[in-house]
Amino acid sequence: MSTGKIAVQRLSDTIAHELERRILEGALKPGDRLQPERELAAELGVSRPSLREAIQKLISKGLLHSRQGGGTYVTDRLDAGFTDPWGEMLRQHPNLQADLLEFRGMLESEAATLAARRATDIDLQRIGDAFARVEGLFAQGPSASVFGEQVKADLAFHQAIAEAAHNVMFGHLTASLFRVTHDHIDRNLRHLRRLDDDWLELRDQHRAIWEALKGRDPAAAQAAVRRHIAFVEESMVARAQHEERESRARLARRP
């Protein structure tokens, strides 16, 4: 028989819920280290024992883990189950890349549509900063010395857009997808950097996406992303053809 009493949530549960929310929304990302206990407790306005209890709850869930030498970190449990098998399958079955790229097009174009509608001023500042970094690095041309940074900046720009959609699934799925396709994106950009016109086109596409988001134009944002993904798909086909020709040429040179 019910006693009629209302269950009072433990403070540690409330703290755990808040930290979990930050992980889901991307404020705390896989690999991020939590602030020192004293700072985080002060920020949340709670006692350190209650914070410790909350952290232990999230460790038991597998969302946080402690490392030797100190510190508590966000794990990658939310997406590891997705990235681990797919990364291996992509290496073994390159034909899957076209399907993955098609999925990326649907995901990113919808994320851009939502971001154009929902992005806060802080979101736009973050996307703008990411775009400025892309612009600055790509302005150096297809240089081997900054190529790794160009790849990182490209991915960070698209990830910032996904998170500005304000749907936790877009943020996590896009991050997972980029981890799976990192090698594929790296190879495509290496191919594009051989071609000056294509490199400039890539820069223009990022600019078009940013301008549409800044103008809060959902249709233009979606169209700009679709144009970008179509261009990447064309470059993927061109790269495959180029690699096939090089393979044939090497075979032809053999004695």
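Up top you'll find the structure we're talking about.
Below is a summary of the structure that appears in this document.

**Considerations on the packing of aromatic side chains**
For step 1, the next point in the chain: Inspection of every chain in the model, using the stated rule, returns two aromatic pairs.
For step 2, the next point in the chain: Pairing Phe131 with Phe157 gives two aromatic rings, centres 6.1 Å apart and planes at 50°, and the pair type is tilted. Of this pair, Phe131 sits in helix α6 (residues 121-138) while Phe157 sits in helix α7 (residues 147-164), and the two are 26 residues apart along the sequence. Neither residue differs from the other here; Phe131 and Phe157 are each classed as buried.
For step 3, the next point in the chain: Measuring from centroid to centroid gives 6.2 Å for Phe131 and Trp210, while their planes differ by 25°, and the two rings are stacked. With Phe131 in helix α6 and Trp210 in helix α9 (residues 196-214), the pair connects residues that are 79 residues apart, well separated along the chain.
For step 4, the next point in the chain: By relative accessible area, which is 9% here, Phe131 ends up buried.
For step 5, the next point in the chain: Clustering of aromatic rings is evident, with ring pairs tying together Phe131, Phe157 and Trp210.

**Some thoughts on the packing of α6 against α7**
For step 1, the next point in the chain: Where α6 meets α7, the closest approach of the two axes is 9 Å, and the angle between their N-to-C directions is 160°. When the axes of α6 and α7 are compared, the pair comes out roughly antiparallel. Relative to α7, α6 is oriented so that their crossing is left-handed. Counting all contacts with α6, which are made through Asp123, Arg126, Ile127, Ala130, Phe131, Arg133, Val134, Leu137 and Phe138, the residues of α7 involved are Glu149, Gln150, Ala153, Asp154, Ala156, Phe157, Ala160, Ile161, Glu163 and Ala164.
For step 2, the next point in the chain: When its residues are assigned to classes, the contact of α6 with α7 shows 12 nonpolar, one polar and six charged.

Scoring rules and cut-offs
Residues numbered from 1 in each chain as written. Predicted model: local features only at pLDDT ≥ 70, side-chain atom pairs only at ≥ 80, totals over all residues. Heavy atoms only, no water. Phe/Tyr/Trp six-rings, centres within 6.5 Å; stacked < 30°, edge-to-face > 60°. Helix = DSSP H or I, 4+ residues; strand = E, 2+ residues; numbered from the N terminus. Buried < 20%, exposed > 50% of the residue type's maximum accessible area, 1.4 Å probe, protein only. Axes fitted to C-alpha atoms, helices over the stretch in contact; angles between N-to-C directions. Parallel < 35°, antiparallel > 145°, perpendicular 65-115°, else oblique. Left-handed = near helix turned anticlockwise from the far one by under 90°. Contact = heavy atoms within 4.5 Å. Nonpolar A, V, L, I, M, F, W, Y, C, P; charged D, E, K, R; others polar.

Interpretation note: all reported values are geometric properties and have no functional meaning in isolation.
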